[in-house]
Amino acid sequence: MTTTPLTQGYLETADGHRVKYAQFGAPDGAAAVVLHGGPGSSSQLNMLDWFDLSRQRVLLLDQRGCGKSLPTGSLEHNTTPHLIEDIERLRVHLGIKSWVVVGGSWGAFLALAYAAAKPAAVRKLVLRGVFLPTEQQLDWFFQRLRLLMPLAWRELTFDMTARQADSVLHTLGLALLEGNEHRQAWAAGRWATYENRIMAAMAGQPLTDATVSADTARIHKYRIQAHYLLNHCFSDVPTVLRALRKTGIGVVCVHGAHDWICPPANVALLSEALTDVDVRWVPRGTHTTADPSIRDALTLALRDVFQTLPTSGL
């Protein structure tokens, strides 16, 4: 497999952002766009491993402020509606009539929101580890997950006041968005360490005492994430799902039965709200495609989806 892009560049926006994108694979193949997680993360070349690049055309982009997009870490004009318009502008720019939209974690919700807003552009949704910006999801991750990960949560909150520990997202978010550089580094380091502890526990790896350095890139990542989560990702989940239900767009959902980051309750909500959801549970599966069982299930789901599409791209 070659990872040399067919084309790559920056998509200029009217409000000062430059969105980095690259396309790979077969120029005339059926197209897919991959939406990365976070918010605040970036695209990775190993996302291409899920596809047959001899037949498919795959688009990767870094969302506003993320990865190689510019200005790095910018929160200005950076909301879900802005991201939806960036994705659509890229599709038009590349002359793609419609595409399969693939999203993982936060990218899964962004895919849902994009499909609800631009249904004519979407042939199918393929989602992994579905994140939904609901109070239930946020409360689970920052507060109730301590029932499964008490030591990690204690490490996260050990020097917080009782009031701060009762609202971890607000505590970390305030430090990241309004604090000085020292407070930003503290909050980014705590958040990253907590995530890493959970990921290690899900994967059955031993917990370590290694600290996570809070460099500038990490601060940017978690500032963007705090910006989105404190604003419920600038969206309303019931409104998005009602709009998507009307479109009839099919959804394939790959979800780990042992996903502690985005709990299976998210999939239940999705299945109840939509009419065409193919849920593919992964026994003992966790959250990310670093988990071989999740990666393999996602690759199989994409193979199945593309087999139902014409061999030529649109």
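Everything here concerns the structure above.
Residues numbered from 1 in each chain as written. Predicted model: local features only at pLDDT ≥ 70, side-chain atom pairs only at ≥ 80, totals over all residues. Heavy atoms only, no water.

A few points about the pattern of salt bridges
Per the counting criterion, the structure on display carries 15 salt bridges. Two residues, aspartate 15 and arginine 64, come together in a salt bridge whose shortest N-O distance is 3.0 Å. Placement of aspartate 15 in the loop between β1 (7-12) and β2 (18-25) and of arginine 64 in the loop between β4 (56-61) and α1 (80-93) is noted, with a sequence separation of 49 residues between them. The class for arginine 64 is buried, based on a relative accessible area of 3%. The salt bridge involving glutamate 85 is made with lysine 118; its shortest N-O contact spans 3.1 Å. On the criterion of sequence distance, the pair formed by glutamate 85 in helix α1 and lysine 118 in the loop between α2 (106-117) and β6 (122-128) is long-range, its members being 33 residues apart. Glutamate 85 gets classed as partly exposed once you look at its relative accessible area, which sits at 35%. In this structure, a network of salt bridges that share partners links the residues Asp15, Arg64, Asp86 and Arg89. (Salt bridge = Lys/Arg side-chain N within 4 Å of Asp/Glu carboxyl O. Helix = DSSP H or I, 4+ residues; strand = E, 2+ residues; numbered from the N terminus. Buried < 20%, exposed > 50% of the residue type's maximum accessible area, 1.4 Å probe, protein only.)

Overview of the state of the cysteines
A full pass over the atoms with the stated rule returns zero disulfides. In this model cysteine 66 remains outside any disulfide bridge; the closest cysteine sulfur is found in cysteine 233, 12 Å from its own. Here cysteine 262 is not disulfide-linked; the sulfur of cysteine 253 is the nearest cysteine sulfur, at 10 Å. Cysteine 262 gets classed as buried once you look at its relative accessible area, which sits at 1%. (Disulfide = S-S within 2.5 Å.)

Some thoughts on the sheet that holds strand β5 (residues 99-104)
Strand order in the open sheet made by the eight strands is β1-β2-β4-β3-β5-β6-β7-β8, with mixed pairing throughout. Of all strands in the sheet, those with a lone pairing partner are β1 and β8 (277-282), marking the two edges. Taken over all neighbouring pairs, the strand axes of this sheet differ in orientation by 20 degrees on average, direction set aside. As defined by bridge partners, strand β7 (residues 251-256) adjoins β8 across six bridges and the pair is classed as parallel. Note on β8: the bridge partner recorded for valine 251 is valine 277. Strands β1, β2, β3 (30-35), β4 and β5 of the sheet are contacted by α1, whose axis makes an angle of about 130 degrees with β1. Against the sheet, helix α10 (residues 265-273) makes contact with β6, β7 and β8, and its axis sits at roughly 160 degrees relative to β8, the strand it touches most. (Pairing = 2+ DSSP bridges. Axes fitted to C-alpha atoms, helices over the stretch in contact; angles between N-to-C directions. Contact = heavy atoms within 4.5 Å.)

Considering the nonpolar core
Formed by 77 residues in total, the largest nonpolar core has its most connected members in Leu125 and Trp191. Ranked by residues supplied to this core, first place goes to α2 with 10 residues. Aside from chain neighbours lying at most four places away, what touches tryptophan 191 is Phe141, Phe142, Leu156, Leu169, Leu172, Leu176, Tyr222, Gln225, Ala226 and Leu229. Formed by 26 residues, the second largest nonpolar core is a distinct cluster that contains Trp50, Ile294, Ala301 and Val305. (Core = buried A, V, L, I, M, F, W, Y, C linked by side-chain atoms within 4.5 Å.)

Some remarks on the packing of aromatic side chains
Within a pair of aromatic rings, the relevant descriptors are the distance that separates the centres and the angle that separates the planes. Counted by the stated rule, this structure contains nine aromatic pairs. Between phenylalanine 51 and phenylalanine 306, the ring centres sit 6.3 Å apart and the planes meet at 70 degrees, which makes this aromatic pair edge-to-face. Residue phenylalanine 51 is found in the loop between β3 and β4, and its partner phenylalanine 306 is found in helix α11 (residues 292-307); the two are separated by 255 residues along the sequence. Each of the two residues, phenylalanine 51 as well as phenylalanine 306, counts as buried. Both rings, one in tryptophan 106 and one in phenylalanine 109, keep their centres 6.2 Å apart while their planes meet at 40 degrees; by these two values the pair is tilted. Of this pair, tryptophan 106 and phenylalanine 109 are both found in helix α2, three residues apart, which corresponds to roughly one turn of the helix. (Phe/Tyr/Trp six-rings, centres within 6.5 Å; stacked < 30°, edge-to-face > 60°.)

With respect to the environment of leucine 90
For leucine 90, the location among the structural elements is in helix α1. Accessibility expressed as a relative area gives 1% for leucine 90, which makes it buried. Separated by 96 residues in sequence, leucine 90 and tryptophan 186 have C-alpha atoms that sit 36 Å apart. When sequence neighbours within four positions are dropped, the list of residues in contact with leucine 90 reads Leu11, Tyr21 and Leu61.

What to know about the side chain of histidine 17
Looking at the element boundaries, histidine 17 is found in the loop between β1 and β2. Assessed through its relative accessible area of 2%, histidine 17 is described here as buried. Side-chain polar atoms of histidine 17 contact the backbone oxygen of glutamate 76, separated by 2.7 Å. (Polar contact = N/O pair within 3.5 Å; in protein donor to acceptor, adjacent residues only side chain to side chain.)

Quick word on the pairing of β6
Of all seven residues in β6, six are buried, a share of seventy percent or more. As paired elements, β5 and β6 share six bridges and run parallel to each other. Each bridged residue has a counterpart across the sheet, and for tryptophan 99 the counterpart in β6 is valine 122. Note on the crossover from β5 through α2 to β6: the handedness is right-handed. (Right-handed = clockwise from strand over helix to strand, strands pointing away.)

Concerning α1
With 14 residues, α1 extends 20 Å from end C-alpha to end C-alpha; this agrees with the ideal 20 Å at 1.5 Å per step. Residues Thr80, Leu83, Ile84, Asp86, Ile87, Glu88, Leu90 and Arg91 constitute the buried set of α1. Where α1 ends, the next residue or the one after it, glycine 95, has phi of about 70 degrees, a positive value. (Expected span 1.5 Å × (residues − 1).)

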